Amino acid sequence: MSRRTPDTRTFGEQPVNLSRRRFLISGSGLAGALVLGVGLPVGQSRAQSTAAAMPAGTRVPAFLEIRADSSVKFLSPFIEGGQGIFTAMAQIVGEELDADPASFMVENAPPGSQYQVMDNGMRITGGSQSVRTSYTTMRRLGALARQMLIEAAAAELAVPVTSLHTEPGRVIHGESGRSLRYGELAARARELPVPSVYSVSLKDPAHFRWIGKPVQRLDMHEKSTGKAIYTIDCRVDNMLHAAVQHAPRLGLTVGTLRNAAQVSAMKGVHSVHQLPGAVAVVAERWWQAKRAVETLQVEWLEPEKPDGSYMPADFSSDAFAAVLAQQPGDGENAEVRGDLQHGLAEAKSTFSVHYQSQYLNHAQLEPPSALARFNSDGSLELWIPNQAPEMFQADVAKRTGLSPDKIIIHSPLLGGFFGRHFLYESAMVWPQAVQLARAVGRPVKLIWSREEEFLRDTHRPMAAVRFRAGLDADGYPLALEAVSICEGPTEGLAGQHGDTLDPTAVEGLSGKAYAIPHVRIAQIYHKGPVRLGYWRSVGNSMNDFFYECFLDEIAERGRLDPMALRLHLLQGNPRLTTLLQTVADLSGGWQPGPYTAADGSRRARGVAMASPFGTEAAAIAEVSIENGEVRVHQIWQAIDPGSIVNPAIVEAQVNGAVALGLSQVLIEESVYQHGQPVARNFDMYPILPPSRMAKVQVRIVESGAKMGGIGEPPLPAVPPAVANAVSRLTGERVRSMPLSRITFS
């Protein structure tokens, strides 16, 4: 094989109008509804006042509105961005409420302490945490609401509470056969206090109607018919549009605008503005703003004293990769088991190798945008894509000087997560939108073009890893050392190495279940100028590639089968042993190859495992080489999250994670030259096309272990499984991504 350098070459016409009046009206209930706090004036409901003293996550009034037609409006504490959380929440709450999830209408909840329902007291949609950290709390929420309806029915029918039970959407008196729909009980139930959390019991899982079933996605119809609302679709009265042109490198400032007068005179242009590190044009239409801002001739000034945010004009990602690979030192310990030096000394053979990973963009299809409006009462409203409303509200308060109660955050649907929508200093749209709205005295919607997004997006870190291994007489590993030279995403956001090691820098290297007697995992912190962020599965996305590929190298050096080696190292771990055997069975039996397939192509298979976010995953990949490029035919994945809510959503998440895992190992890479990203759109930043997507088969294993995540865990095992299959097929060891840099024979 030979290595090559990378090639360095509006929505609809009628956007949705969300006027303030319409927005408030759409949030109000129907006449006679059991409005448990949604749009209900303070003091109107005993349920609302009682809820104030209840623990977070059990305040029924903040979450639920049962309407006269027995439909259920639910405010989700977690943001929907395609992962299916609205449906999962409806299943969990509906199970205990005894209401069909299909009757739910779910929206993202506003900021508020009552929505901080995670086990750690936070509210973040990320880290594959939503369901697993709120499962019991959300079930209890449904049970409390159900109890209120039963108590209302007992009063209405003049019968004991104990004589009543529920069927979906109604309360039934068994002795007389009388029943009342939930909607009929709304008016009476709204006057009742919320019961104590200790007064309700949760269902026996053996009696679940909806949890564990492939319930149809609630957002499917709106997304399929173009009715789903994203930030880019939002519109308010008297709104202007804005577009920006950022400095070509971070740290530069605006000097002279050479043609500001001509641009100001262009059709539709309202005004021209200077922003920190950018210029903006506000206009009547976005395309007018975009054309005008791209016409601006800007003199960009170098800083007198560059700081940590400065991007040097001579920065090259290839040169930086070489610097990482040559970094000396032993690093800071992340994990130590046994005695590494003793293990290496006792080994019959030792060897060392070096691995490398690339920078990656988030590359979500939704262009970044924000809508800002200052109201006459002094409040600021923002429609922004985000994964943590309270976190954003606090940041807005800090930057604007407004009190949090004057900041109204609306969280429309997200057009993809991938870790893009957190607080990233240089990659947020809303501060610019707020500055422009304040300057022009009118609401402003700012949309970044794709080119501006690629220029200012944060990245998955680049890393180099030095491995050493010592093998015993039978070829099994006695000792293993991995030293990662990188800047983790968390310390990248902080701008410095902390007092303790950044776990996101080494996750996927540390904490492995393989029974290797002597292990040392360490990090050498090396800061770079590229702004970093969280990327789907975070450190696992690259570190599992390194570790699992190196494990295959150990098998090769020890003349062992890769599957047999893993099973040997997992003796005494029935959960992971079962998972490996399951994925082997799913693939029709382990056959590493090379072998000749029915179509005459030469193929091989690779295996890998990963343990991110409380879930265990094992994958097998089948590959061939076509015209010097890797073709992935099939991915088999067995995944054990302990227990699940919706198998259809789990399978969809696995398929999506496989696609992203294939994309990063085969073709994705963010390349920097002269301090700037080479790719400014998808023409230079290819993502996996449908023609290169593998066939995916999934098997869910419910071991009964503590519930883990789903959105990210299926990804990390895919890249190493592919690379191990390619190495098996070609006889050449793959130690870096993406494989598009390599021409295979």
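Residues numbered from 1 in each chain as written. Predicted model: local features only at pLDDT ≥ 70, side-chain atom pairs only at ≥ 80, totals over all residues. Heavy atoms only, no water.

(A) Here's a closer look at the overall build of the chain. Each helix and strand counted, the chain has 21 helices and 30 strands in total. Rg of the C-alpha trace for the chain: 28 Å, near the compact-globule value of 27 Å for 745 residues, within the 12% margin. Per element, the accessible surface of the chain, about 28900 Å² overall, is 50% carbon and sulfur. In the chain, the 71 positive side-chain charges and the 74 negative ones have mean positions that sit 4 Å from each other. (Helix = DSSP H or I, 4+ residues; strand = E, 2+ residues; numbered from the N terminus. Rg over C-alpha atoms; globule rule 2.2 N^0.38 Å. Areas by Shrake-Rupley, 256 points an atom, 1.4 Å probe, with all protein chains shown as cover. Lys, Arg positive; Asp, Glu negative; His and termini not counted. Charge placed at Lys NZ, Arg CZ, Asp CG, Glu CD.)

(B) Structural detail: the packing of helix α17 (residues 540-557) against helix α18 (residues 562-569). Running from N to C, α17 and α18 cross one another at 105 degrees; their axes reach a closest spacing of 9 Å. Taken together, the axis directions place α17 and α18 in an arrangement best described as roughly perpendicular. Together, Glu 548, Leu 551, Asp 552, Ile 554 and Ala 555 of α17 and Pro 562, Leu 565, Arg 566 and Leu 569 of α18 make up the contact between the two elements. (Axes fitted to C-alpha atoms, helices over the stretch in contact; angles between N-to-C directions. Parallel < 35°, antiparallel > 145°, perpendicular 65-115°, else oblique. Contact = heavy atoms within 4.5 Å.)

(C) Summary view of the side chain of Arg 123. Topologically, Arg 123 is positioned in the loop between β5 (104-108) and α5 (130-157). A relative accessible area of 5% places Arg 123 in the buried class. A polar atom in the side chain of Arg 123 sits 2.7 Å from the side chain of Glu 390. (Buried < 20%, exposed > 50% of the residue type's maximum accessible area, 1.4 Å probe, protein only. Polar contact = N/O pair within 3.5 Å; in protein donor to acceptor, adjacent residues only side chain to side chain.)

(D) Focus on the confidence of the model for the chain. Mean pLDDT for the chain: 91, with 92% of residues reaching 70 or above. Note that pLDDT drops below 50 for residues 5-52; the model gives that stretch 104 contacts with residues more than four away or on any other chain. (pLDDT = per-residue confidence, 0-100.)

(E) Structural detail: α17. The terminal C-alpha atoms of α17, which comprises 18 residues, lie 25 Å apart, in line with the 26 Å expected from a rise of 1.5 Å per residue. Most of α17 sits inside the fold, with 16 of its 18 residues counted as buried. Directly after α17, the chain includes Arg 559, whose backbone phi takes a positive value near 55 degrees. (Expected span 1.5 Å × (residues − 1).)

(F) Main features of the pairing of strand β9 (residues 240-246). Burial within β9 is extensive, with 7 of its 7 residues counted as buried. The two faces of β9 match: Leu 240, Ala 242, Val 244 and His 246 on one face and His 241, Ala 243 and Gln 245 on the other face are all buried. Across 6 bridges, β9 lies against strand β12 (residues 278-283) in antiparallel orientation. Its bridge partner being in β12, His 246 is matched across the sheet by Ala 278. (Pairing = 2+ DSSP bridges.)

(G) View of the sheet that holds strand β8 (residues 179-181). Read from one edge to the other, the open sheet built from 3 strands follows the order β6-β7-β8, with strand pairing classed as antiparallel. For this open sheet the edge positions go to β6 (164-167) and β8, each flanked by a neighbour on one side alone. Adjacent strand axes in the sheet meet at a mean angle of 25 degrees when their direction is disregarded. Bridge analysis of β6 against strand β7 (residues 170-173) gives 4 bridges, and the strand direction is antiparallel. In the sheet register, Glu 167 faces β7, and the bridge partner there is Arg 170.

(H) Representation of the sheet that holds strand β29 (residues 695-700). With respect to topology, 5 strands assemble into an open sheet ordered β23-β24-β25-β26-β29, the strand pairing being mixed. Because the sheet does not close on itself, it has two edges, and the strands there are β23 (595-596) and β29. Here β23 pairs with strand β24 (residues 602-610) via 2 bridges, running antiparallel. Paired with Thr 596 across the strands is Arg 602, a residue of β24. Along the sheet, helix α21 (residues 718-730) contacts β24, β25 (616-626) and β26 (629-640); its crossing angle with β24, the most-contacted strand, is approximately 145 degrees.

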